[in-house]
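Read off the chains here:
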Amino acid sequence: MIRFEGVNKWYGSYQALVDIDETIAKGEVVVVCGPSGSGKSTLIRTLNRLEPIQGGRIEIDGRDIHAPGTDVNALRSRIGFVFQQFNLFPHLTALQNCTLAPVQLGRLTPAQAAEQARALLDRVGLANKADAYPAELSGGQQQRVAIARALAQQPPLMLFDEPTSALDPEMVGEVLAVMRGLARDGMTMICVTHEMGFAREVADRVLFMDGGRILERATPADFFLHPQHPRAQQFVADIRRPFAAGPGF
Amino acid sequence: MFDLSLVLSGSYHAMLVAGLRLSLELAALTLLFALPLAVLVALLRLAPVRPLRWLGFAYVEAIRNIPLLAHMLFWYFGAPELLPEALKERLYEGDIEVISAIVALTLYTAAYMAEDIRSGVRAIAPVQFEAGRSLGLGFLATMRLVILPQALRITVPPLISQTLNLWKNTSIATVIGVGELMYQAAQVESASFRSFEAFAFATASYLSVSLLITGLAAWYQHRYPVRAA
Amino acid sequence: MRDLIDTYWLYFLVGQYPKGPLGGLALTVLLAALALLLAMPLGLALGVARLSLWRAVRWPVTALVFVVRGTPLLMVVFWAYFFLPTLTGYKTGQFSTMLIALVVFDGVYLAEIVRAGIVGLGRGQMEAARSLGLTHFQALRSVVLPQALRHMLPSLVNQFVSTIKETSLGYIIGLSEVSFIATQINTQVFTKPAQVYLCLGVAYFVLCFGLSRLAYGIESRGKRRPPPRVPA
């Protein structure tokens, strides 16, 4: 469903993505992990063209997303994106956050959109918060609303950019539970995350990135138990023994 | 059609240049008087004594809520009447227009600059002030030796911005008959009926100096960026 | 002083109305309100244009903003006064001339306020809206501007105060706003210039100080509402 061919990206003189080649099948759940600055967020942001690329090709459903004449808004409305900082619209209620895009883009009538929004909020466990404003919700609740908002577009693909990194630890679980549910229902998902438990449990594949390159691809079991690439080995070791990973221990 | 040579040489040119010079002099003199006054008013607003703070507040609010034009009219038409005869005579024989303009501009500009200085001082962490006081320095000494030197770096960009406003405000002196650039442009216009050329010269002059001032601000922020403590 | 006020208070407030055109303090407020109202759409358009991704839009607007901000308002008034009749073919009156000059001048200043408001919102809101598939303009209209405009309200009220002060320049082209009226009163009375101009100052002060207190009130109220609980 998704294909990266020779993708390269620079920020000025700094190369953020180097010769990315990868294919992701429909229904796959892929976790992208790696140290900070490895390019993982950049990678998924190229998929909905939040970031431009300077070299290579990205195909979704066989179509080049950078082909001239591509309607970028139509593309984005078919990809759900969940941000690290949630980015809910603070001047709208949870329900209105979810109905804005379907109504504005003419997909659904306001009544249909509201009905769908309620169903989605129920699915993420926030049916009773439909009329609450983001300021009245906890971080975990906000992120779940953000997921519902993305799902309101009925996208075949969901992208998650470190969805739990900005949350207090006790709220991480509720968001991961929603994501697990989506995966079980067959959604194609690409998640940039540090949550290795989630990766082990839910992901079909793990991509390890460092320095803008994909250095290793494996099933979660293979990746965490038998990493091949030296930097992947270092990474896995650091996760397993976080306290030993610093100087002086 | 448009003949710029009329204003680039000859008597009209001389008039306009004289006007430009007077505008620059007005701005420079005002700056000279307004800065110390602004520091004084800022200190008043920050004083530990309530009545002094109120005095500073009253000054700033009274000045800022009245347009500069009204200030100029007051200092030219109204204030001299309140002076003793002898002084009044001397003023009317001298350059009362320019003096009134400078008084109005100074008071007006100082009110705005005082607020910028006050913001700059307030941006310095209060602990700095406490540190100065706990060393035994009085209010004024702490201000002078500890706070103001630090506040200066933050305050310079807004002060340069006020200088830009001051430069533009010199044009208002025309209403009380000061022969600055705007006045001269209007004079050239009524003498030659060449409104475009006269105003083009004036506009270009204002813009050039504005560009210089803005450039100065940009250079300053590049050379002395604000560093956090 | 007492009889000065008693004789001239109506003239000061409304000029020759109804036996002539509106003048005085009423004209000042009307002109300022109208100017700001008309300048808002211009300011919105210019402010958004300043942030455009296309250089062909951004550069001319930035140049316009720089030119207008580097020129005294009086200069703009003179340009309008001397050239509008030629440009439009109509003999533009003093009110219209002043109005147009103010709209152009304030439009540019409002553009900067709008720009600061949008930039201050941060990229996240725009990105979220675009990620849902909304176009740039839909995102601006439904997500960015509603929030930015709310934050800009105190600045807008302050701009209204500035505009009221700017109307005083109508004096120079003979518009019967309140400063001009005061001078006419002074010419008639002749012996009490300090009192006349003091009254003028007080009138402006009450009007502008009142409005700036309003702006302060709006700003404080905005700050007292609980901030959104998004972790750093």
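Here the structure is a predicted model, which means the values were calculated and not measured.

Parameters at a glance
- In this numbering scheme, every chain counts its residues from 1 along its sequence in written order.
- All chains are assigned letters beginning with A, and all ligands numbers beginning with 1, in the order in which they are written.
- In keeping with the model being predicted, local features are shown solely for residues with a pLDDT of at least 70 and side-chain atom pairs are shown and tallied solely at 80 or more, while totals for entire chains, interfaces and linings include all residues.
- With hydrogens and water excluded, all non-hydrogen atoms of the structure serve as input to the side-chain values.
- Note on definitions: salt bridges are taken to be side-chain nitrogens of Lys or Arg within 4 Å of carboxyl oxygens of Asp or Glu.
- Secondary structure elements are defined from DSSP: runs of H or I of at least 4 residues count as helices, runs of E of at least 2 residues count as strands, and each element is numbered from the N terminus.
- Only protein chains enter the accessibility calculation, which uses a 1.4 Å probe; a residue is then buried when its area is under 20% of its type maximum, exposed when over 50%, and partly exposed in between.
- Helix axes are fitted only over the stretch in contact, all axes being lines through C-alpha atoms; the angle between N-to-C directions runs from 0 to 180 degrees.
- Throughout, the term roughly parallel applies to angles under 35 degrees, roughly antiparallel to angles over 145, roughly perpendicular to angles from 65 to 115, and oblique to all others.
- Left-handed is the label given to a crossing in which the near helix is rotated counterclockwise from the far helix by less than a right angle, and right-handed is the label when the rotation is clockwise.
- What makes two residues a contact is simply this: any of their non-hydrogen atoms within 4.5 Å.
- Each residue gets one label: Ala, Val, Leu, Ile, Met, Phe, Trp, Tyr, Cys and Pro are nonpolar, Asp, Glu, Lys and Arg are charged, and the others, such as Gly, are polar.
- In protein, a polar contact requires one atom able to donate a hydrogen and another able to accept it; more generally it is a pair of N or O atoms within 3.5 Å, and residues adjacent in sequence count only if both atoms are side-chain atoms.
- For patch detection, residues must exceed 30% relative accessible area and be free of salt bridges, and they are connected within 9 Å for like charges or within 5 Å for nonpolar side chains (Val, Leu, Ile, Met, Phe, Trp, Tyr).
- All accessibility values rest on the Shrake-Rupley procedure with a 1.4 Å probe; residue burial counts only the protein chains present in the view.
- For the purpose of counting charges, residues Lys and Arg are taken to be positive, whereas Asp and Glu are taken to be negative. His and the chain ends are not included.
- Note on charges: their place is set at NZ of Lys, CZ of Arg, CG of Asp or CD of Glu.
- Throughout, the accessible surface (probe 1.4 Å) given up by two parts as they are put together, summed over both, is called the buried area.
- Per-residue confidence from the prediction method is given by pLDDT, with values spanning 0 to 100.
- Centre distance within 6.5 Å is the pairing criterion for rings of Phe, Tyr and Trp, where only the six-membered ring of Trp is used; planes under 30 degrees apart are then read as stacked, over 60 as edge-to-face, and the remainder as tilted.
- Consider the ring centre and the ring normal. A charge sits over the ring if Lys NZ or Arg CZ is within 6 Å of that centre and within 35 degrees of that normal.
- In a helix, the anticipated span is given by 1.5 Å times the number of residues less one.
- Bending is quantified residue by residue as the angle between axes fitted to the seven-residue window ending at that residue and the seven-residue window starting at it.
- Paired strands are those between which DSSP finds at least two bridges.
- We call a set of buried residues a nonpolar core when its members are Ala, Val, Leu, Ile, Met, Phe, Trp, Tyr or Cys and they connect through side-chain atoms within 4.5 Å of each other.

K.L.:
Could you clarify how one ought to interpret the pattern of salt bridges in this entry?
P.N.:
Any two side chains of opposite charge can pair, so long as their charged atoms come close to each other. Enumeration over the complete set of coordinates arrives at 24 salt bridges over all chains. In this structure, B:Arg21 engages B:Glu25 in a salt bridge whose closest nitrogen and oxygen atoms are separated by 3.4 Å. Of the two residues, B:Arg21 and B:Glu25 are both situated in helix H2 (residues 10–46); the distance of four residues between them amounts to about one turn of the helix. Using a relative accessible area of 35% as the deciding quantity, one classes B:Glu25 as partly exposed. Residue C:Glu127 pairs with C:Arg123 through a salt bridge whose shortest N-O separation is 3.1 Å. Separated by four residues within a single helix, C:Glu127 and C:Arg123 lie in helix H6 (residues 123–131), roughly one turn from each other. The class for C:Arg123 is exposed, based on a relative accessible area of 61%. Where salt bridges share partners, they join A:Arg3, A:Glu5, A:Arg57, A:Glu59 and A:Asp64 into one cluster.

K.L.:
It is not clear to me how the packing of helix H7 (residues 126–134) of chain B against helix H8 (residues 139–169) of chain B should be interpreted in this structure. Could you clarify?
P.N.:
Packed helices, taken two at a time, are described by the angle their axes make and the gap between the axes. All names here are of chain B. Closest axis-to-axis distance for the H7/H8 pair is 9 Å, and the angle between their directions is 140°. Taken together, H7 and H8 sit at an angle that is classed as oblique. Where H7 crosses over H8, the handedness of that crossing is right-handed. Counting all contacts with H7, which are made through Gln128, Phe129, Gly132 and Arg133, the residues of H8 involved are Phe139, Thr142, Met143, Val146, Ile147 and Gln150. Within the contact of H7 with H8, the residues separate by chemical class into five nonpolar, four polar and one charged.

K.L.:
Got a minute to help me understand the interface of chain A and chain C in this structure?
P.N.:
A common measure of how large an interface is: the accessible area buried when the components associate. The partner chain C presents 24 residues to the 30 residues of chain A that form the contact. At the junction of chain A and chain C, the tally comes to one salt bridge. Linking A:Arg45 and C:Glu127 is a salt bridge whose minimum nitrogen-to-oxygen distance equals 2.6 Å. Our enumeration of links across chain A and chain C arrives at nine residue pairs in polar contact (both at pLDDT 80 or more). Sort the elements by how many residues they give to the side of chain A that touches chain C and helix H2 (residues 72–77) of chain A lands first, with four residues. When grouped by side-chain class, the residues that make up the side of chain A that touches chain C number 16 nonpolar, 10 polar and four charged.

K.L.:
Just checking my understanding: could you explain a positive patch on the surface for this structure?
P.N.:
All names here are of chain A. Residues Lys26, Arg63, Arg78 and Arg107 make up a contiguous surface patch of positive charge. If you trace the backbone, Lys26 turns up in the loop between strand S2 (14–24) and strand S3 (29–33). By relative accessible area, which is 63% here, Lys26 ends up exposed.

K.L.:
What exactly am I supposed to notice about the interface of chain C and chain B here?
P.N.:
Every contact between the two is made by 34 residues of chain C and, on the other side, 36 residues of chain B. When chain C packs against chain B, the two sides together hide about 2900 Å² of surface, and 78% of this comes from carbon and sulfur. The interface formed by chain C and chain B includes zero salt bridges. Our count for the chain C to chain B interface comes out at eight residue pairs in polar contact (both at pLDDT 80 or more).

K.L.:
How do you make sense of the confidence of the model for chain A when you look at a structure like this?
P.N.:
Atom-level detail of predicted coordinates should not be read off regions where pLDDT is low. Here chain A averages 89 in pLDDT, and 96% of its residues register 70 or above. Least confident of the elements in chain A is helix H9 (residues 230–240) of chain A, whose mean pLDDT is 84; most confident is strand S8 (residues 188–192) of chain A, at 95.

K.L.:
So what exactly am I meant to see when it comes to the packing of aromatic side chains here?
P.N.:
What characterises a pair of aromatic rings is the spacing of the ring centres plus the angle enclosed by the ring planes. This model, assessed by the stated rule, comprises 21 aromatic pairs over all chains. An angle of 50° between the planes, with centres 5.1 Å apart, marks the rings of A:Phe208 and A:Phe235 as tilted. Remark: A:Phe235 occurs in helix H9 and A:Phe208 occurs in strand S9 (residues 205–210); sequence separation between them is 27 residues. Relative accessible area serves as the criterion here: at 0%, A:Phe208 is assigned to the buried category. Assessed through its relative accessible area of 13%, A:Phe235 is described here as buried. Connected via pairs of aromatic rings, a cluster forms that spans B:Phe196, B:Phe199, C:Phe78, C:Trp79, C:Tyr81, C:Phe82 and C:Phe83. The residue whose ring lies beneath B:Arg64 is B:Tyr112, and the NZ or CZ to ring-centre distance is 5.3 Å. The ring of C:Tyr216 has C:Arg213 lying over it, and the distance from NZ or CZ to the ring centre is 4.9 Å.

K.L.:
Would you take a moment to explain H2(B) for this structure?
P.N.:
Within an α-helix, residues lying three or four positions from one another point in the same direction, as the helix has 3.6 residues per turn. If you check H2(B), its first and last C-alpha atoms are 53 Å apart, about what 37 residues at 1.5 Å a residue would give, namely 54 Å. B:Ala34 marks where H2(B) bends most, by close to 30°; the proline B:Pro36 follows one to four residues later.

K.L.:
Explain the sheet that holds S8(A) here, please?
P.N.:
Strands in a sheet are paired, the pairing made by backbone hydrogen bonds, and the direction either parallel or antiparallel. Residues and elements named next belong to chain A. On the basis of which strands lie adjacent, the open sheet formed by six strands has the order S6-S7-S8-S3-S9-S10 and mixed pairing. The outermost strands of the open sheet, each flanked by one partner alone, are strand S6 (79–82) and strand S10 (213–218). Each strand axis lies, on average, 15° off the axis of its neighbour in the sheet, ignoring direction. Contacting S3, S6, strand S7 (157–161), S8 and S9, helix H1 (residues 40–47) crosses the sheet at an angle of about 150° to S7. Each of S6 and S7 touches helix H5 (residues 139–151); the most contacted strand, S6, lies at about 165° to it.

K.L.:
What is the right way to look at the nonpolar core in this model?
P.N.:
The nonpolar side chains of a soluble globular protein tend to be buried, and buried together. In terms of nonpolar packing, the biggest core is built from 172 residues, with A:Ile2, A:Ile190 and B:Met72 touching the most fellow members. By size, the runner-up hydrophobic cluster in this structure holds 51 residues, among which are A:Val29, A:Ala132, A:Leu137 and A:Phe160.

K.L.:
Got a minute to help me understand the environment of A:Ala132 in this structure?
P.N.:
Along the polypeptide, A:Ala132 turns up in the loop between helix H4 (110–123) and H5. With sequence-adjacent residues up to four places away left out, A:Ala132 is seen in contact with A:Thr93, A:Ala94 and A:Leu137.

K.L.:
Just checking my understanding: could you explain the sheet that holds strand S4 (residues 55–60) of chain A for this structure?
P.N.:
All names here are of chain A. Across the sheet, four strands lie side by side as S2-S1-S4-S5; this open sheet has antiparallel pairing. In this open sheet, the two edge strands, each paired with only one partner strand, are S2 and strand S5 (63–64). On top of the sheet, H1 reaches strand S1 (2–11), S2 and S4; it is set at about 120° to S1, its chief contact.

K.L.:
I keep staring at the packing of helix H2 (residues 24–50) of chain C against helix H7 (residues 136–166) of chain C and nothing clicks. Help me out?
P.N.:
All names here are of chain C. Closest axis-to-axis distance for the H2/H7 pair is 11 Å, and the angle between their directions is 145°. In this structure, H2 meets H7 at a crossing whose hand is right-handed. Along its contact with H2, which presents Thr28, Ala32, Ala33, Ala35, Leu36, Met40, Leu44 and Val48, the element H7 presents Leu140, Leu145, Leu149, Leu156, Gln159, Phe160, Thr163 and Ile164. For the contact of H2 with H7, a count of residues per class yields 13 nonpolar, three polar and no charged.

K.L.:
Which parts of the structure should I look at to understand the side chain of C:Lys165?
P.N.:
Within the secondary structure, C:Lys165 is located in helix H7. Engagement of the side chain of C:Lys165 in a polar contact is seen with the backbone oxygen of B:Arg64, the distance being 2.7 Å. Look past the residues within four positions of C:Lys165 in its chain and what remains in contact with it is B:Arg64, B:Asn65, B:Ile66, B:Pro67, B:Tyr108, B:Tyr112 and C:Cys208.

K.L.:
How do you make sense of unusual backbone geometry when you look at a structure like this?
P.N.:
Comment: phi is negative for the bulk of residues other than glycine, and the bulk of peptide bonds are trans. All names here are of chain A. With phi around 60°, Arg49 is a residue other than glycine that occupies positive phi space. Within the secondary structure, Arg49 is located in the loop between H1 and S4. The phi dihedral of Phe86 is positive, around 60°, even though this residue is not glycine.

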